[in-house]
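# Structural overview for review
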Amino acid sequence: MRAVLTGFAVSALLALATGGAGPAGPLRPGREAGTELPARLAAVWSAPADVHPEVYQTGPYAFTGDTAVLPGAGGSGVELHDPRTGAVRGAVPALPGYVITDVGFSAGLLILGHQAADRRGDRFIAGYDPRTGAPRWRTAIPASLAGAPHASVSGATTMITPGAVVVLSTDRRDLTGFASSTGRSLWRRPLEPGCSAQIDSGAVVAIMRGCDGKPAEVAALDPATGLTLWRREVPRGGGSEGSSLVTAADGTMFVAANGSSFFAAPDGRWSGELHAETTSTFGAYGDVVAVGSTEGRGERAVAVLRGIGRASGKVLWTRRDTPAFNLGYRDVMLAGEGLFAGQTNWPRVPGGWPLPYFVTVVDPRDGTTRSLPVPAGDNGTELIGLYGDVLFVRHETPTGPRVTAYRPAPASSPPGPAEVPASAPGPAELGGVSPSSWPDACSLVSPGDLTALGRGYRAYPRERRLGGVVFPHPVVCDLVAPTDRRPPVSLSVQWVAASVREAMTLFDDALAGQRADQWPVKRLAPGLYQVAGPSIRLTPDTALIRWGPVIARLTVHGDVPGMKKIAPIVLANMRARLPP
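A few points on the structure. (Residues numbered from 1 in each chain as written. Predicted model: local features only at pLDDT ≥ 70, side-chain atom pairs only at ≥ 80, totals over all residues. Heavy atoms only, no water.)

## Quick look at the side chain of T101
The topology assignment puts T101 in strand 6 (residues 98–106). T101 sits in the buried class, given a relative accessible area of 4%. For T101, the side chain forms a polar contact with the side chain of D102, separated by 3.0 Å. (Helix = DSSP H or I, 4+ residues; strand = E, 2+ residues; numbered from the N terminus. Buried < 20%, exposed > 50% of the residue type's maximum accessible area, 1.4 Å probe, protein only. Polar contact = N/O pair within 3.5 Å; in protein donor to acceptor, adjacent residues only side chain to side chain.)

## Describing the state of the cysteines
As enumerated under the stated definition, the model contains 2 disulfides in all. Between the sulfur atoms of C195 and its disulfide mate C211 the distance is 1.9 Å. Disulfide C195-C211: the torsion about the S-S bond is 105°, which places it as right-handed. With C195 in strand 15 (residues 195–201) and C211 in strand 16 (residues 205–211), the pair connects residues that are 16 residues apart, well separated along the chain. For C195, a relative accessible area of 5% gives the class buried. The disulfide partner of C442 is C477, and the gap between their sulfur atoms is 2.2 Å. Given an S-S torsion of about 100°, the disulfide between C442 and C477 has right-handed geometry. (Disulfide = S-S within 2.5 Å.)

## Some points on the sheet that holds strand 13 (residues 174–179)
Strand order in this open sheet of 4 strands is 11-12-13-14, and the pairing throughout is antiparallel. The strands lining the two open edges of the sheet, one partner per strand, are strand 11 (158–160) and strand 14 (185–190). Strand after strand, the sheet turns through a mean of 15° between neighbouring axes, direction not considered. As paired elements, strand 13 and strand 14 share 5 bridges and run antiparallel to each other. Paired with D174 across the two strands is P190, which belongs to strand 14. (Pairing = 2+ DSSP bridges. Axes fitted to C-alpha atoms, helices over the stretch in contact; angles between N-to-C directions.)

## Thoughts on the packing of aromatic side chains
If you walk through the whole model with that rule in mind, you get 9 aromatic pairs. Seen from their ring centres, W438 and F471 are 4.8 Å apart, and the 45° between their planes marks the pair as tilted. Here F471 lies in the loop between strand 35 (469–470) and strand 36 (476–480) and W438 lies in the loop between strand 32 (402–409) and strand 33 (458–461), a separation of 33 residues in the sequence. Pairwise contacts between aromatic rings join W346, W353, F358, W438, F471 and W495 into one cluster. (Phe/Tyr/Trp six-rings, centres within 6.5 Å; stacked < 30°, edge-to-face > 60°.)

## Some remarks on unusual backbone geometry
With glycine set apart, most residues show a phi of negative sign, and most peptide bonds adopt trans. Positive phi, close to 50°, is recorded for A107, a residue that is not glycine. Here A107 falls in the partly exposed class, since its relative accessible area comes to 43%. Even without being a glycine, L538 presents a positive backbone phi close to 55°. Given the relative accessible area of 27%, L538 is considered partly exposed.

## Points about the environment of P561
Mapped onto the elements of the fold, P561 is located in helix 3 (residues 560–577). A relative accessible area of 52% places P561 in the exposed class. Residues P561 and D541, spaced 20 residues apart in sequence, show a C-alpha to C-alpha distance of 8.0 Å.

## Observations regarding the sheet that holds strand 32
Spatial strand order, 1-32-31-30: 4 strands in an open sheet with antiparallel pairing. Only two strands of the sheet have a single neighbouring strand rather than two, namely strand 1 (40–48) and strand 30 (382–387). The sheet shows a mean angle of 25° between the axes of neighbouring strands, taken without regard to direction. By the bridge criterion, 5 bridges tie strand 30 to strand 31 (residues 390–395) in an arrangement that is antiparallel. By the bridge assignment, E382 is partnered in strand 31 with R394.

Dropping the structure here:
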């Protein structure tokens, strides 16, 4: 895991989660106090989404209770959707030669950041009606000043705060504040030369500065005036020397520098030492801030999620071995009504297992977690937003990338129009399917099936657990020859869906995700596809196989011709031994 989170990456996703300080929305409030965590994700609506979110930017996605902003057809401009139904209510076209890089809500308006398509030219910000897309104002960003760029400044270049839009100049030498309601320039403040800086924003603009020979310090600026609200040195501790600055919507900051890690309240009060030098995820809801970290090293490393009181800085609850930790900008714990949500990071076997993308939801009151599958493969799928209790997931499909809105639902609630009823009761982590419905992986390929590769193979059963779910049979099987001159073989039961239709959707979307990543995909037979294997070279020594509701993955490591001989045998075994 990385030593610390990257501040600008987290703030981008926090903006997506909350939608900034936009108009109050008609979406009903989320999960009520005292209710249990959801048991499944019910699809509400889906729309095309051609543009991949960039790590440095919030656009072209943003969500409030009144508007869901998605990229327009062909990635041009943005469309304004009703978040309840997905219906398009308005649009903002992209100007010729420009792309939309930042999206947010402030002072009751939709704010868009536009930049020349070559990413080097002119920039401007503009305000629009959040329901119709009608323009309200437009302001050009001052061009770069003379001199070389200030390369030691990291962070988003456009920060949409509740009352102002703060822009980092193209040369990264100064910050400028603009009124969200009119676009009028309010203030301009130079950054100190010769110092490195990390910049983030919420209700305040946060700057962590490091100058040679001086301790790191953190300051909070008023977005409306540019004036310093407070400034503090970061005390030296004994942890990692990495640095991170993360700002929640209300201005609460997570700070890591000089071997120390703290929370700073919006008024500058600091919590006690958090000892979270290996922090990998962060989220804030009400009075609770969730911090994920790793304790120990190597095989003894344990993922830990803690809930910390904003006001007291005390640990309210601790959960170990939770899977809701991930790397990269897409893996922030988003905060909705009554829950945190983040991408699930299972301890995966080589080649990936299980196949679906998972979202883990966390109860901020006590840290209880539940991991829920999404009917899409992990490749190209990401949780990009959460507002209220509606999650927005971008995923690949055979017809192109889409964003699907999901509402967490209890197991007993009726299925939505886009769902298939579950065929058997079972844990939420398996989509309601009983663990006993998963076949023994070693029954689908035996040493006798590998005679085309040679004799003497022995089967070694593996994985029997997914989080807290225990399978009665091994769901991963490795077969190893007595000599290293023959390739090892691995077969995993990737998923057992609640229906054939659900399995077909997952299978097709998983293949689409591989194609979107420009990985090799080739149809060998109905329900049998050659795909990239687990090696760094993406050798196509692997087959993805579906029969009925069961999806399996076969890898003949490094031996493509051998895989093509064994894969049809596995498919024949599945047809003979599993129900259609």
